[in-house]
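# Overview (structure and organization)
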Amino acid sequence: MAPSYENLPLEDEEFDESQIDFTDIEEQYQVRLDEGLDAFVVIDGLPKVPDDSKAKLVKFVLRKLNSVGKVKEDGVFMPLNDETGQTEGFAFVEYNAPNEAIAAVKQLNGTPLDRRHTMAVNKLTDIDRYGREGRIDEEYHEPHIEPFHEKEHLRSWLGDPEGRDQIAMYRGEKVGVFWNNKEDTPEPVVDRDNWTEAFIQWSPQGTYLTSMHAQGVQLWGGNAWSRQKRFAHPGVNLVDFSPYENYLTTWSHRPLQVDENHPVPSLSLEEDGKNYIIWDIATGKPIRSFATLDVPTSTDAEGNPVKKKMQWPTFKWSSDDKYVARMTQGQSISVYELPRMNLLDKSSIKVEGVMDFEWAPATPKRESIRTYEQLFCYWTPELGSNPAKVGLMSIPSKEIVRTRNLFNVSDAKLHWQSDAAYVCVKVDRHSKSKKSLATNLEIFRVREKGVPVEVVDSIKDTVINFAWEPKGNRFVLITTGEIPAGAAVPPKTAISFFAPEKLKGGAPGNFRHVRTVDKVNKNAIYWSPKGRFVCVATIGSQDSMNLDFWDLSFDKAKEDKDETKDLMANLQHMDQADHYGVTDIEWDPTGRYVVTVASSFRHTMENGYHLYDFKGTLLREEHIDRFKQFLWRPRPPTLLSKEEQAEIRKNLRNYSKVFDEQDLAKKNTANREIIEARKRLLEEWLAWRESQIEMLKEMGAEIELNGGKVQQEEDGDVEEVEEIVEEIIEETEEVVG
Amino acid sequence: MRPILLSGHERALTQVKYNADGDIIFSVSKDHVVCAWFSHNGERLGTYHGHQGALWTVDVDPTSTLLATGGADNTMRLWEVKTGKLLKTWDFETSIKRVEFSPDGRQLLGVTEKRSGHLGSIVVYEIDPDPQAEQTSEQSLRIVCDESKATVAGFSYLAQMIIAGHEDGTVSQYDGKTGELLYNAPVHEPDMQITDLQWAPDRTYFITASKDKTAKLVVTESLEVLKSYPTDTPLNSAAITPVKDYVILGGGQAAMDVTTTSARQGKFEARFYHKVFMEEIGRVRGHFGPLNYVAVHPQGTGYCSGGEDGYVRVHHFDKPYFDFLYEVEREQANL
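Conventions used here
- Residues numbered from 1 in each chain as written.
- Chains lettered and ligands numbered in written order.
- Predicted model: local features only at pLDDT ≥ 70, side-chain atom pairs only at ≥ 80, totals over all residues.
- Heavy atoms only, no water.
- UniProt positions renumbered as here; feature names shortened; annotations may be inferred.
- Helix = DSSP H or I, 4+ residues; strand = E, 2+ residues; numbered from the N terminus.
- Buried < 20%, exposed > 50% of the residue type's maximum accessible area, 1.4 Å probe, protein only.
- Contact = heavy atoms within 4.5 Å.
- Areas by Shrake-Rupley, 256 points an atom, 1.4 Å probe, with all protein chains shown as cover.
- Lys, Arg positive; Asp, Glu negative; His and termini not counted.
- Charge placed at Lys NZ, Arg CZ, Asp CG, Glu CD.
- Salt bridge = Lys/Arg side-chain N within 4 Å of Asp/Glu carboxyl O.
- Pairing = 2+ DSSP bridges.
- Axes fitted to C-alpha atoms, helices over the stretch in contact; angles between N-to-C directions.
- Buried area = accessible area lost by both parts, 1.4 Å probe.
- Polar contact = N/O pair within 3.5 Å; in protein donor to acceptor, adjacent residues only side chain to side chain.
- Nonpolar A, V, L, I, M, F, W, Y, C, P; charged D, E, K, R; others polar.
- Phe/Tyr/Trp six-rings, centres within 6.5 Å; stacked < 30°, edge-to-face > 60°.
- Core = buried A, V, L, I, M, F, W, Y, C linked by side-chain atoms within 4.5 Å.
- Disulfide = S-S within 2.5 Å.

Per an unreviewed UniProt entry, chain B goes by the name Eukaryotic translation initiation factor 3 subunit I and belongs to Lophiotrema nucula. Recorded in UniProt for chain B, the comment headed Subunit (unreviewed entry) runs: "Component of the eukaryotic translation initiation factor 3 (eIF-3) complex." What UniProt records for chain B under Subcellular location (unreviewed entry) is the sentence "Cytoplasm".

Under the annotation held in an unreviewed UniProt entry, chain A carries the name Eukaryotic translation initiation factor 3 subunit B and is attributed to Lophiotrema nucula. A UniProt comment under Sequence similarities (unreviewed entry) is attached to chain A, and it reads "Belongs to the eIF-3 subunit B family."

Have a look at this one:
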């Protein structure tokens, strides 16, 4: 199976070209000479009217036609049927220029005229080309339906008896998928050269492995790692999946060029000039395409244009694949409904000044709301005398659930908690003089009645990073002091842990500060996907690259009481690790392991990875030249109910006993194998040495047998060497007098 | 094992050698001077002056009477070890990259560099072990390497064969008498230069180091690769330890790239591997430039390394070094 498109050169050198039937290709790529008819279009689907109303109809149609170009004077010819005396329902139109005709086809085809009539606009040359006699079969043929092929099981990896996780690794030109074997070498599943041209990516539930090529994107999966789908998008740069893997967005910085001379499989003229394509993964067909929006150029304080940073993903998916939305910065948010990709209520939602928005990562369960809804959060900056605003909008009702006014806002970041129970808006506020910055956290309690907002304003410094505990209600943030202008060394940072107070009945109360660790260099937070454990690291720094592992629910001895007892957290530092040149950190989907990667995408120093367990114990390290990516295969959400999960958690000890036994047995066999292998090597070596010494003896190689020492005749003149060893035991200095 | 630092050279070391008794270390460097040191305390015994260019190579005969050196001044010289007297100078068209005495000390081999108009070659001279005797100017053998130049070479047991490592990663076996090419084997990656070739004490096998980041243990007789030691850095030198079944590998980022990387990055460490199991056992840090040569004490009690940083570091092995045994080795020893 060739892991790339089938445009491989024919290796057979001796073949007769005349043997090959090229007619299909010739037909497809037929060079069309200028027939002088390129400015003509044929309009179809017009109402049939008697001769006297013809002029009126022509006038009506002309209004439409002139919207895209200029129709030649007397350029509309609408033939009459001699028998009925009525028009035929079609017309020939000549434009001034061929490109106007093309524009008419692109824009006017399918325009509704009234309730019963929809106008079809085609180029005359196309009608001639495709509709000429003999090109269309008069008889109806049943379309050929491919017999059903059983597809491979795409989730078979979940059935691993040991419950191991898979890893995709991209190093050098090779991409491989492996089983994680903890401290042992990962067990290869598949390993291929040149599997991708740019990078690899898992789909969000781990079903597909995505490879990037100049011609498009390919998805791989199943037991045999065969190609599942491909999406032709020449020059594609980025891809993004919807959460349930129903849809795929591809983006290229270069507008697509699709026309007769550049045909692209499964794309039509519709996609010409577009940058984004939204695909249906099941059918492999594009649903809708979009061009990149121009972001209004802004200028910084000195009046220099700010380099525009593209937001990716540009099209953001709601948590259930039902909606996808894109923001036109400063103006509106366009929400599209799937699967048709039609604009919700046929219009974008006007949000003046909107800077950013973020969907709730799960279907929200607001109190006393029974109807289906998805939420997104957005913020707008201060406009004139109006304050900055943060809002929560419900879709499809477009009702604003909650807004909050903010003042002196420089920037805001939206952080949803993974269950959509909270959304934290990190607001960077400047003082009146605009000289100093401070950060406020505005935490919306989405599930509580009326969506109360809690403000954490005890933070004096700028918050550079913030992360919620997945499936939990605690968070970690990193603050930094003022950055002195032109300082070479980045300022020290501080890590702060927050947790809610424990209320009666176990409900989470207000958020309270737990502890701050200051004077560190950390800048990145990685929570375990199951919560509780967090790894705080320094990424992309030249001089410090250590990472700390923390436990927020540490089991403490009962008598050990302190002031944090009324908080829903018990913080414990577990371990510290060091990985030189670390660029990426990733938890495995089960929260058992953490991998730190030094990727050659960023630098070429000591590329490779370290594997830790959740406690921060180093299990394995491997240096691999030109190591690029280490990606855990994501897992789909569990199928077990809450009760079943609780049951398992309760009986964890029984399970772990079994696992411990398995691990021990495995280790023993592995050790035995290693010892056997060593024994064999040693025996082979000793036997070989024996034979070599034998050979030297036969040849009388005395010097060699003596280890290279030439025997000198003893001349009885023995020299006696006396060696005096002096050892200084102690040295003391005394001041005399 | 606290190393002794020999800081007598002003420029990068190119080769270091123990004599057969292991009491003297000879070192050559790009600063044109040959130094002799007492290995047990690092005291300098003397220097040999005369070369006009960077020195590439040094060797001492088995009786520690004669010393041969070669360098970039296109000469190969013979010295009396005891007095430092220059006994003989052989002139060439190109520089001398490697010299080596035969096991009995009666032949001396030199590897000449390739330069426009001159092919690389291996030359052999008969040597009179008497320091008073007149040495011959006549080559007893000349092997021209027209395929790929030789970078390292040495005599096999009984000087029966000459083994040479080449720039293209291959190893050749020549007849020691006629110079006829007997065999050529691709031992390392193609076009990855072989940087060192050192013998096991009885010369039935040897180790090669290469820029392809591996060292290989090769059988003299068949050029069959017995063992391979992969590392993560280009290697400049590899040595086989007597007594214990280890090999020591030295290397590091190429000298020209070093200034752009930190010492940690450069991997300027001597690496110990188990000779038979091919597993890394440990590393010794210390140099702040790549290791250009590692040499092992003939009795296996220590080793020394010469670095691009201009230092020779002499290490004496501690007791744990000798005590360390793999479980299977211990079983074998108790049989």
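## Observations concerning the overall build of chain A
In terms of helices and strands, chain A carries 7 helices and 42 strands. Taken over the C-alpha atoms alone, chain A extends approximately 135 × 80 × 65 Å along its principal axes. By the burial criterion, 42% of the 737 residues in chain A qualify as buried. Considering only residue pairs separated by 6 or more positions, chain A has 51% of its internal contacts joining residues 24 or more positions apart. As displayed, chain A has an accessible area near 43600 Å², and 50% of this comes from carbon and sulfur atoms. The averaged location of the 127 negative side-chain charges in chain A is 12 Å from the averaged location of its 93 positive side-chain charges.

## Looking at the pattern of salt bridges
Going through the model one piece at a time under the given rule, you end up with 44 salt bridges over all chains. The residue A:R678 makes a salt bridge to B:E279 at a minimum N-O spacing of 2.9 Å. Residue A:R678 is located in helix α6 (residues 652–699), and its partner B:E279 is located in the loop between β24 (270–274) and β25 (280–284); the two belong to separate chains. By relative accessible area, which is 19% here, A:R678 ends up buried. On the accessibility criterion, B:E279 (28% relative accessible area) is partly exposed. Residue B:E269 is joined to B:R271 by a salt bridge in which the shortest nitrogen-to-oxygen separation is 3.5 Å. The class of B:R271 is buried, set by a relative accessible area of 1%. If you follow the salt bridges from partner to partner, you end up with B:D232, B:E269, B:R271, B:E280, B:R283 and B:R285 in one network.

## Describing the sheet that holds strand β14 (residues 247–251) of chain A
Residues and elements named next belong to chain A. The strand order β13-β14-β15-β16 describes an open sheet built from 4 strands, whose pairing is antiparallel. The open sheet terminates on both sides in strands that have one partner only, identified here as β13 (238–241) and β16 (285–290). This sheet shows a mean twist of 20 degrees between the axes of neighbouring strands, independent of strand direction. The pairing of strand β15 (residues 276–280) with β16 spans 5 bridges and is antiparallel. By the bridge assignment, I278 is partnered in β16 with R288.

## What about the pairing of strand β8 (residues 75–80) of chain B?
All names here are of chain B. In terms of burial, β8 is a largely internal element, 6 of the 6 residues being buried. Burial along β8 is two-sided: T75, R77 and W79 and M76, L78 and E80, pointing in opposite directions, are all buried. Judged from the 5 bridges that link them, strand β7 (residues 66–71) and β8 form a sheet pairing that is antiparallel. Residue pairing across strands places G70 opposite M76, the latter belonging to β8. From the end of β7 to the start of β8, which pair antiparallel, there are 3 residues, and N74 there has a positive phi angle of about 60 degrees. Here β8 runs beside strand β9 (residues 86–91); their pairing, made up of 5 bridges, is antiparallel.

## Topic: the UniProt feature "repeat: WD" (unreviewed entry) in chain B
Residues and elements named next belong to chain B. Taking the numbering used here, the UniProt-annotated feature "repeat: WD" (unreviewed entry) corresponds to residues 6–47 and 48–89. Annotated as 0% helix and 52% strand, the span residues 6–47 places its first and last C-alpha atoms 13 Å apart. The annotated region residues 48–89 carries 0% helix and 55% strand content, and the separation between its end C-alpha atoms amounts to 13 Å.

## Regarding the interface of chain A and chain B
Of the residues lining the interface, 28 residues belong to chain A; the matching set on chain B comes to 36 residues. Between chain A and chain B, a total of about 2800 Å² is buried, with carbon and sulfur atoms accounting for 64% of that surface. At the junction of chain A with chain B, the criterion picks out 5 residue pairs in polar contact (both at pLDDT 80 or more). Those elements that provide at least two residues to the side of chain A that touches chain B are α6 and α7 (702–705) of chain A. With 14 residues, α6(A) is the single largest residue contributor to the side of chain A that touches chain B. Across the side of chain A that touches chain B, the residue classes break down as 15 nonpolar, 6 polar and 7 charged.

## Examining the packing of aromatic side chains
In the structure shown here, the tally under the stated rule is 52 aromatic pairs over all chains. Judged by centre distance (6.2 Å) and plane angle (10 degrees), the ring pair of A:Y323 and A:W359 falls under stacked. In this pair, A:Y323 is assigned in strand β18 (residues 323–328) and A:W359 in strand β22 (residues 356–359), connecting sequence segments 36 residues apart. The pair A:Y323 / A:W359 is uniform in exposure class, with both members buried. Ring centres of B:Y246 and B:Y321 lie 5.2 Å apart, and the angle between their planes is 75 degrees; on these two criteria the pair is classed as edge-to-face.

## As for the nonpolar core
Residues and elements named next belong to chain A. Ranked by size, the top nonpolar core spans 23 residues in total, and within it L46, L65, V93, Y95 and L108 carry the most contacts. Those elements giving two or more residues to this core turn out to be β1 (40–44), α2 (51–65), β2 (71–77), β3 (91–95), α3 (98–108) and β5 (118–123). Contacts of L108, omitting those with residues within four sequence positions, involve K64, L65, S67, V68, Y95, A103, M119 and V121.

## Considerations on the UniProt feature "domain: RRM" (unreviewed entry) in chain A
Per the UniProt record, "domain: RRM" (unreviewed entry) is found at residues 39–126 of chain A. Summarising residues 39–126 of chain A: 33% helix, 28% strand, and an end-to-end C-alpha distance of 12 Å.

## Examining unusual backbone geometry
For residues besides glycine, phi is generally negative; the peptide bonds are generally trans as well. All names here are of chain A. A cis amide bond, omega 5 degrees, links L338 with the succeeding residue P339. Examined against the element boundaries, P339 turns out to sit in the loop between β19 (332–337) and β20 (342–343). Look at the link from I395 to P396: it is a cis peptide, with omega at 10 degrees. Considering the arrangement of structural elements, one finds P396 in the loop between β24 (388–395) and β25 (399–406). Positive phi, normally seen in glycine, also occurs at A420, with a value near 60 degrees. Tracing the sequence through the fold places A420 in the loop between β26 (409–416) and β27 (422–430). With relative accessibility at 0%, the residue A420 sits in the buried group.

## A closer look at the side chain of A:E442
Summarising the element assignment, A:E442 is placed in strand β28 (residues 437–445). Leaving out residues up to four positions away in the same chain, A:E442 has contacts with A:R404, A:L406, A:V423, A:C424, A:V425, A:V427, A:V453, A:E454 and A:V455.

## Observations regarding the sheet that holds strand β4 (residues 34–38) of chain B
Residues and elements named next belong to chain B. Strand order in this open sheet of 4 strands is β2-β3-β4-β5, and the pairing throughout is antiparallel. At either end of the open sheet lies a strand with only one pairing partner, and these are β2 (13–18) and β5 (44–48). The mean inter-strand angle of the sheet, taken between neighbouring strand axes irrespective of direction, is 20 degrees. Across 5 bridges, strand β3 (residues 24–29) lies against β4 in antiparallel orientation. By the bridge assignment for β4, I25 is matched with W37.

## Re the state of the cysteines
For the structure shown, the criterion picks out 0 disulfides over all chains. A:C377 provides the cysteine sulfur closest to A:C424, a residue in no disulfide bond, and the two sulfurs are 9.8 Å apart. Judged by its relative accessible area of 0%, A:C424 falls in the buried class. Here B:C304 stays unpaired: no disulfide links it, and the sulfur of B:C35, its closest cysteine neighbor, is 13 Å away. Note on B:C304: relative accessible area 0%, which makes it buried.

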